[in-house]
Amino acid sequence: MIEWLTMESWSPYIVGAGIGVLIWTAFLFSDRPLGCSTAYAKSAGMVESALSRKKSEQMPYYQKVTPTVDWQWTLIIGLIIGAFLSAYLSGTFTVLIVPPVFAEAFGTNAILRSAVALAGGLLLGLGARWAGGCTSGHGISGTLQLSLASWVAAICFFAGGIIVAGLIFGFSFI
Amino acid sequence: MACERLRCNARAQIILGLVTGFVFGFLLQKGGVTNYDVIIGQLLLTDFTVVKIMLSAIVVGMIGIFLMKSAGLVRLHVSRGSIGATVVGGLIFGTGFAVLGYCPGTAAAAFGAGAVDALIGMVGMAIGAGIFARIYPDLNRSILKKGLFPADTIPELLGVRTGIVVVGVIILIIGLLYLLTILGL
């Protein structure tokens, strides 16, 4: 058991199956799909609320997605801790700012990588709320329920991602 | 029912969210998708780890969810999409996916595994979601409901029984995973 937990990586099929089972428990115990992007909207709402409680309460979106600490928000905290423990147990925990593939193409400038990450994150947060879900909420939980919107969203996530990654790094298949 | 009581217990749900996230983060890190290079590799079509994980999760998740649904234990959570919301939002998301190199869940997990750029991405996501909340009333009036989809689910769209579509999708996904293995991807 311990050896298994300290392994550097598991088969993607085992990991996928595990996520599938996790979605059963989310539906059964919490009556929710496994989605991650709502928490970011809640966090933004908490900031708005701290700036002006009255104003944030009048914003229609935060009446829909209430800026409170709940299942969806603690999910993100759990994600951070779980991944940390997994990395720590396998001895792969490393603090890095510029990932190797990015460094190879654009150099090791941490400020450049930070600016790009901030811009990318902004688009992700905007796009996820616009489409009503992310890679987990639409891409896994939604598609497995055979939701039409989720299949279309997942296709658009990857179509957009493949095109833009190709424009940034060069298309490997051409 | 015990599940109903649990679902309504706010404090228990806060803990369940934490536990669920913990397991999810552990799995994502072990799966290697907390690694920027693996995610960009998927978008450049050189590394199929992300797709393998997602497709296996869909197969296993789908079987359990539809069995529990037919037993009356769970209900589905689907909503109607539209071209203005789903397609436009999906393409914005895809662009951000390639620029950041993580998605909302894997970014949190990547930060846990030590990636500081993922934390910066998370701040960006909260800003992006905040911008959406600010412009939501205008978007809702103008673009979000444009080109409403004709159905909520694929079986509804095709007019085919859900069970048949479930079996069809499972066969399709297993075939696709098998094809990836044959191609050595």
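A. Spotlight on the environment of Cys3(B). Its location among the elements puts Cys3(B) in helix α1 (residues 2-8). Sequence spacing of Cys3(B) and Asp138(B) is 135 residues, and the spatial spacing of their C-alpha atoms is 39 Å. Leave out the neighbours within four places in its chain, and Cys3(B) touches Leu28(A) and Phe29(A).

B. Spatial organisation of helix α5 (residues 83-100) of chain B. Across its 18 residues, α5(B) extends 24 Å between first and last C-alpha, which sits within 8% of the 26 Å expected from 1.5 Å per residue. Buried residues dominate α5(B), accounting for 13 of its 18 residues.

C. Molecular detail of the interface of chain A and chain B. Taken together, the contact between chain A and chain B spans 113 residues of the former and 116 residues of the latter. Counting each side, the surface lost to burial between chain A and chain B is near 10,000 Å², with a carbon and sulfur contribution of 77%. At the junction of chain A and chain B, the tally comes to three salt bridges. Residue Glu48(A) is joined to Arg134(B) by a salt bridge in which the shortest nitrogen-to-oxygen separation is 2.7 Å. The leading source of residues in the side of chain A that touches chain B is helix α8 (residues 110-131) of chain A, at 17 residues. Residues that form the side of chain A that touches chain B fall into these classes: 75 nonpolar, 29 polar and nine charged.

D. Examining the packing of helix α4 (residues 49-70) of chain B against helix α9 (residues 162-182) of chain B more closely. All names here are of chain B. At a closest axis distance of 10 Å, the pairing of α4 and α9 adopts a crossing angle of 155°. Relative to α9, α4 is oriented roughly antiparallel. In the packing of α4 onto α9, the handedness of the crossing is left-handed. Contact residues: α4 offers Val51, Lys52, Leu55, Ser56, Ile58, Val59, Met62, Ile63 and Phe66, while α9 offers Thr162, Val166, Val169, Ile170, Ile173, Leu176, Leu177 and Leu180. Residues that form the contact of α4 with α9 fall into these classes: 14 nonpolar, two polar and one charged.

E. Main features of the pattern of salt bridges. Tallied over the entire structure, the rule returns nine salt bridges over all chains. Salt-bridge contacts for Arg53(A) lead to Glu57(A); the nearest nitrogen and oxygen are separated by 3.3 Å. On the criterion of helical spacing, the pair formed by Arg53(A) and Glu57(A) is a turn pair, its members being four residues apart in helix α4 (residues 53-58). Judged by relative accessible area, Glu57(A) falls into the partly exposed class, the value being 47%. Bridged by salt links that share partners, the residues Arg80(B), Asp152(B) and Glu156(B) form one connected network.

F. Local environment of the packing of aromatic side chains. Tallying each qualifying case throughout the model produces 17 aromatic pairs over all chains. Aromatic side chains Phe84(A) and Phe93(A) sit 5.2 Å apart centroid to centroid with 80° between the ring planes, which places their arrangement in the edge-to-face category. In this structure Phe84(A) comes out as partly exposed when scored by relative accessible area, which is 34%. Judged by its relative accessible area of 33%, Phe93(A) falls in the partly exposed class. Ring geometry for Trp130(A) against Phe132(B): centres 6.3 Å apart, planes inclined by 45°, an arrangement best described as tilted. Here Phe132(B) lies in helix α7 (residues 116-142) and Trp130(A) lies in helix α8, a pairing that spans two chains. When its relative accessible area of 12% is taken as the criterion, Trp130(A) is described as buried. On the basis of relative accessibility, which here comes to 1%, the residue Phe132(B) falls in the buried class. Each residue in the set Tyr61(A), Tyr62(A), Trp130(A), Phe132(B) and Tyr136(B) is aromatic and connected to the rest through ring pairs, giving one cluster. When the ring centre of Phe102(A) is taken as reference, the NZ or CZ atom of Arg113(A) above it lies at 5.1 Å.

G. Main features of the side chain of Ser30(A). Mapped onto the fold, Ser30(A) is located in helix α2 (residues 12-30). Since its relative accessible area comes to 8%, Ser30(A) is described here as buried. When residues no more than four places from it in sequence are discounted, the contact partners of Ser30(A) are Thr25(A), Trp71(A), Arg7(B), Gln13(B) and Leu16(B).

Parameters at a glance
- Residues numbered from 1 in each chain as written.
- Chains lettered and ligands numbered in written order.
- Predicted model: local features only at pLDDT ≥ 70, side-chain atom pairs only at ≥ 80, totals over all residues.
- Heavy atoms only, no water.
- Helix = DSSP H or I, 4+ residues; strand = E, 2+ residues; numbered from the N terminus.
- Contact = heavy atoms within 4.5 Å.
- Expected span 1.5 Å × (residues − 1).
- Buried < 20%, exposed > 50% of the residue type's maximum accessible area, 1.4 Å probe, protein only.
- Buried area = accessible area lost by both parts, 1.4 Å probe.
- Salt bridge = Lys/Arg side-chain N within 4 Å of Asp/Glu carboxyl O.
- Nonpolar A, V, L, I, M, F, W, Y, C, P; charged D, E, K, R; others polar.
- Axes fitted to C-alpha atoms, helices over the stretch in contact; angles between N-to-C directions.
- Parallel < 35°, antiparallel > 145°, perpendicular 65-115°, else oblique.
- Left-handed = near helix turned anticlockwise from the far one by under 90°.
- Phe/Tyr/Trp six-rings, centres within 6.5 Å; stacked < 30°, edge-to-face > 60°.
- Lys NZ or Arg CZ within 6 Å of the ring centre and 35° of its normal.

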